[in-house]
Amino acid sequence: AGGVIARLFLSPTPFLGKSYRGLEFVAHLITLGSPHYNHNLRGSRMRRWVQEQYPGSFFASVRYTSVAGKVIRGSRHGSPRERWAYTCYRRLGGDGKAWGDGLVPLSSQLLEGSQQIVLDGVSHFTGFGGPWYGSAQVTPRWWKACTSDEGRSH
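Keep in mind it's a predicted model, so treat the numbers as computed, not measured.

Topic: the environment of Ser 11
So, point 1. When you line up the elements, Ser 11 lands in the loop between α1 (2–10) and β1 (28–32).
So, point 2. Given a relative accessible area of 1%, Ser 11 falls into the buried group.
So, point 3. Excluding residues within four positions of it along the chain, Ser 11 makes contact with Ser 19, Tyr 20, Arg 21, Trp 49, Tyr 54 and Phe 59.
So, point 4. From its side chain, Ser 11 meets the backbone oxygen of Thr 13 in a polar contact 2.8 Å long.
So, point 5. Among the polar contacts made by the side chain of Ser 11, one reaches the side chain of Tyr 54 at a distance of 3.1 Å.

Put into structure tokens, the structure is as follows:
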């Protein structure tokens, strides 16, 4: 949930008594497979608070990019990886048969209002059947898009 924590870091409003005011230091927030949305109402208190206080790409002074992996489609009766993905996707996104990075469905990874990059064959970590976001062969794929002028909406 690093991307959700990073969105909390931007906040000038205290959460559980602590404010980090990272907005003063951040110009571009890049999230990698972050579960921004939990369609299950029992999702974490922090994620709910961040979404209620600062929905989507809230701060106009920050450029947001959400990088999502698409490596496996969940299946209740599929391979062990597909069954695991089904359970994770269903819990976060409500649809176990969705596509995602093996842990987080696309619907949760793509932050509303952000520049959205979907990478085929990329997983949350290598155990899900593809290289992960920070691997040497994947990083240039999203980094180039993040550092170009394309997709700058803020």
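Still to come is the rest of the account.
Notes on the environment of Lys 18
So, point 1. By the element assignment, Lys 18 lies in the loop between α1 and β1.
So, point 2. The spatial distance from the C-alpha of Lys 18 to the C-alpha of Arg 141 is 36 Å, given a sequence separation of 123 residues.

Considerations on a nonpolar patch on the surface
So, point 1. Where nonpolar side chains cluster on the molecular surface, the patch consists of Phe 9, Tyr 20 and Phe 25 and spans about 350 Å² of accessible area.
So, point 2. Inspection of the secondary structure puts Phe 9 in helix α1.

Regarding the packing of α1 against helix α2 (residues 45–53)
So, point 1. For the pair α1 and α2, interaxial distance at closest approach is 10 Å and the crossing angle is 50°. It follows from the interaxial angle that α1 and α2 lie oblique. Judged by the sense of rotation from one axis to the other, the crossing of α1 with α2 is left-handed. Judged by residue contacts, Val 4, Ile 5, Arg 7 and Leu 8 of α1 engage Met 46, Arg 47, Trp 49, Val 50 and Gln 51 from α2.
So, point 2. Partitioned by chemical class, the residues of the contact of α1 with α2 number six nonpolar, one polar and two charged.

Here's the deal with unusual backbone geometry
So, point 1. For Leu 16, which is not a glycine, the phi torsion comes out positive at approximately 50°.
So, point 2. By the element assignment, Leu 16 lies in the loop between α1 and β1.
So, point 3. Of the residues examined, Leu 16 reaches a relative accessible area of 60% and is grouped as exposed.

Description of a positive patch on the surface
So, point 1. Taken together, the side chains of Arg 73, Arg 76, Arg 90 and Lys 97 make up a positively charged region of the molecular surface.
So, point 2. Within the fold, Arg 90 resides in helix α3 (residues 80–93).
So, point 3. Overall, Arg 90 belongs to the partly exposed group, its relative accessible area being 49%.

Topic: the nonpolar core
So, point 1. Counting residues in each nonpolar core, the largest one holds 14 residues, and the members touching the most others are Leu 8, Met 46, Trp 49, Val 50, Phe 59 and Tyr 64.
So, point 2. Elements with a minimum of two residues in this core: α1 and α2.

Let's talk about the sheet that holds strand β2 (residues 63–70)
So, point 1. With parallel pairing, the three strands of this open sheet are ordered in space as β1-β2-β5. The outermost strands of the open sheet, each flanked by one partner alone, are β1 and β5 (115–120). Ignoring which end each strand starts from, the neighbouring axes of this sheet average 15° apart.

Some words on the packing of aromatic side chains
Geometry of an aromatic ring pair is reported as the spacing of the ring centres plus the angle between the planes.
So, point 1. Applying the stated criterion across every chain, the model contains eight aromatic pairs.
So, point 2. With a centroid separation of 5.9 Å and 75° between ring planes, the pair formed by Trp 142 and Trp 143 is classed as edge-to-face.
So, point 3. Judged by relative accessible area, Trp 142 falls into the buried class, the value being 9%.
So, point 4. Connected via pairs of aromatic rings, a cluster forms that spans Phe 15, Trp 49, Tyr 54, Phe 58 and Phe 59.
So, point 5. Lys 70 extends its terminal NZ or CZ atom over the ring of Trp 99, reaching a point 5.2 Å from the ring centre.

The rules behind the values
Residues numbered from 1 in each chain as written. Predicted model: local features only at pLDDT ≥ 70, side-chain atom pairs only at ≥ 80, totals over all residues. Heavy atoms only, no water. Helix = DSSP H or I, 4+ residues; strand = E, 2+ residues; numbered from the N terminus. Buried < 20%, exposed > 50% of the residue type's maximum accessible area, 1.4 Å probe, protein only. Contact = heavy atoms within 4.5 Å. Polar contact = N/O pair within 3.5 Å; in protein donor to acceptor, adjacent residues only side chain to side chain. Patch = residues over 30% accessible without salt bridge, like charges linked within 9 Å, V, L, I, M, F, W, Y side chains within 5 Å. Areas by Shrake-Rupley, 256 points an atom, 1.4 Å probe, with all protein chains shown as cover. Salt bridge = Lys/Arg side-chain N within 4 Å of Asp/Glu carboxyl O. Axes fitted to C-alpha atoms, helices over the stretch in contact; angles between N-to-C directions. Parallel < 35°, antiparallel > 145°, perpendicular 65-115°, else oblique. Left-handed = near helix turned anticlockwise from the far one by under 90°. Nonpolar A, V, L, I, M, F, W, Y, C, P; charged D, E, K, R; others polar. Lys, Arg positive; Asp, Glu negative; His and termini not counted. Charge placed at Lys NZ, Arg CZ, Asp CG, Glu CD. Core = buried A, V, L, I, M, F, W, Y, C linked by side-chain atoms within 4.5 Å. Pairing = 2+ DSSP bridges. Phe/Tyr/Trp six-rings, centres within 6.5 Å; stacked < 30°, edge-to-face > 60°. Lys NZ or Arg CZ within 6 Å of the ring centre and 35° of its normal.

Note that every value here comes from positions in space, so none of it alone points to a role or purpose.
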